[in-house]
Amino acid sequence: MSPSSSSSSDAELSIGERAFSAAGAAVISAIIVNPLDVAKTRLQAQAAGVPYPYHYICLQPNAVCQSLSTSAAAPPPCHSGCNRYKGTLDVLHKVARQRVHRSEFMQEGFIRLWRGTSASLALAVPTVGIYMPCYDIFRNFMEEFTTQNAPNLTPYVPLVAGSVARSLACVLCYPVELARTRMQAFKTTGSGKPPGVFKTLIGAINPIRGTERLQSLHRYRYWWTGLGAQLSRDVPYSGICWLTLEPIRKKLLGLVGDEATAAAILGANFTAGFVAGTVAAAATCPLDVAKTRRQIEKDRERALKMTTRTTLIEIWRDGGLRGLFTGVGPRVGRAGPSVGIVVSFYEVVKHALHRRQKTSS
């Protein structure tokens, strides 16, 4: 499939068909990579000061820590590293192996590796459903325009189209992103069911009874706290990602020719997406750390005053370069497969829909 034939097939698909392709890709990706997203968020939240106590069986092999005592106020002796995450594998291991011994203890376990998946799905389906089709439409329009009027600018079309499409998707879906980050960052206490997306958002603003309606409405502005950090992360990420992905994809598809099979399209897009997602995730990790820190801030007044610049300076002051790249391992490990899965599934479904249209006509 050459670039020209790809563009022509894109033009024949409706927005609904594009959105369907993108939504399916988003669901698969969100479920597969969610544990790495939890690990990344936990590491970044820990660096920001969120406590993760020892209320679980200590998994250190030579520690004497068994959180089975009857008094939470008098903890048994424990290895100094028991209540801190040391890296991606340590987060996954501890979260998966932790047990609940008392109702007030922090509830963890293997299933908690998919904590926030409901929010991830609620976020990924509309976000990718808006993002991918808009990127296709903007890219096709801009490529056609620049090819005729400014050929020198054509290589930069993916950067601009990706940035604009991502900005639109971020602004529309940001409250769900806020809920997902908070659901993954904070442990659940008590024996009740963990709060879902809606309860998490309501808990974030926590309006005080008796306040005037105007003041209460003002609190809902908190749902967009950190949007600037989100945009400052996602716009460069998207630009770098598509600027890297498109040349690799076109080169790989060019080797196959015009009659590319679904397997060839899958392989070319997954490879290009994996490389592009890895590069973009590593380059924008400091911005991701800043976004997480702003989203998990519990002081609403402070959260509303925080900016990406001041947050980055604070992170640099507290942890230096290492602090800016907290969680880079799981972020990169998540982004590569995630972008590969989304882009390849999206393109394969579009290919199948296009072939069905040609057969029916």
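Quick caveat, the model's predicted, so the values are computed rather than measured.

Asker: When you look at the environment of Ala23 in this model, what are you seeing that I'm missing?
Answerer: Mapped onto the secondary structure, Ala23 falls in helix H2 (residues 15-47). Residue classification places Ala23 among the buried residues on the basis of a relative accessible area of 18%. On a C-alpha basis, the gap between Ala23 and Val125 in space is 4.7 Å, while along the polypeptide they are 102 residues apart.

Asker: Where do I start with the pattern of salt bridges in this structure?
Answerer: Side-chain pairs of opposite charge can arise whenever the charged atoms involved come near each other. Across all of its chains, the model carries 15 salt bridges by this definition. The salt bridge involving Arg139 is made with Asp136; its shortest N-O contact spans 3.5 Å. With Arg139 and Asp136 both in helix H4 (residues 117-149), this residue pair falls 3 residues apart, about one helical turn. For the pair Arg139 and Asp136, a shared accessibility class is recorded, and that class is buried. The salt bridge involving Glu246 is made with Arg139; its shortest N-O contact spans 3.1 Å. Taken as a pair, Glu246 in helix H8 (residues 227-256) and Arg139 in helix H4 lie far apart in primary sequence, 107 residues in all. Among the charged side chains, a salt-bridge network with shared partners connects Arg18, Asp136, Arg139, Glu246, Arg249, Glu347 and Lys350.

Asker: What should I look at first to understand the packing of helix H9 (residues 262-283) against helix H13 (residues 328-360) in this one?
Answerer: Two packed helices can be described by the angle between their axes and the distance between those axes. The interhelical angle for the contact between H9 and H13, taken along N-to-C directions, is 150°, at an axis separation of 7 Å. In this view, H9 runs roughly antiparallel relative to H13, as classed from their interaxial angle. Where H9 crosses over H13, the handedness of that crossing is right-handed.

Asker: Mind showing me how you'd approach empty space enclosed by the protein here?
Answerer: Over the atoms rolls a probe the size of a water molecule, and its path tells where empty space is left. A full pass over the atoms with the stated rule returns 2 cavities of 30 Å³ or more. Lining the largest cavity are 34 residues; nearest its centre among them are Val128, Arg166, Tyr237, Arg334 and Ser338. When its residues are assigned to classes, the lining of the largest cavity shows 19 nonpolar, 6 polar and 9 charged.

Asker: Would you mind showing me how to read the layout of surface pockets here?
Answerer: A volume near 430 Å³ is recorded for the largest pocket. The wall of the largest pocket is formed by 20 residues, among which Leu43, Gln46, Ala47, Arg322 and Thr326 lie closest to the centre. Those elements giving two or more residues to the lining of the largest pocket turn out to be H2, helix H12 (308-324) and H13. Among the elements that make up the lining of the largest pocket, the one with the highest residue count is H12 (5 residues). Classifying every residue of the lining of the largest pocket by side-chain character gives 7 nonpolar, 8 polar and 5 charged.

The rules we used
Residues numbered from 1 in each chain as written. Predicted model: local features only at pLDDT ≥ 70, side-chain atom pairs only at ≥ 80, totals over all residues. Heavy atoms only, no water. Helix = DSSP H or I, 4+ residues; strand = E, 2+ residues; numbered from the N terminus. Buried < 20%, exposed > 50% of the residue type's maximum accessible area, 1.4 Å probe, protein only. Salt bridge = Lys/Arg side-chain N within 4 Å of Asp/Glu carboxyl O. Axes fitted to C-alpha atoms, helices over the stretch in contact; angles between N-to-C directions. Parallel < 35°, antiparallel > 145°, perpendicular 65-115°, else oblique. Left-handed = near helix turned anticlockwise from the far one by under 90°. 1 Å grid on protein atoms, 1.4 Å probe; cavity = no way out; pocket = protein on both sides within 12 Å on 5 of 7 lines; lining within 4 Å. Points joined across faces, edges and corners; volume = space filled by probe spheres on them. Nonpolar A, V, L, I, M, F, W, Y, C, P; charged D, E, K, R; others polar.

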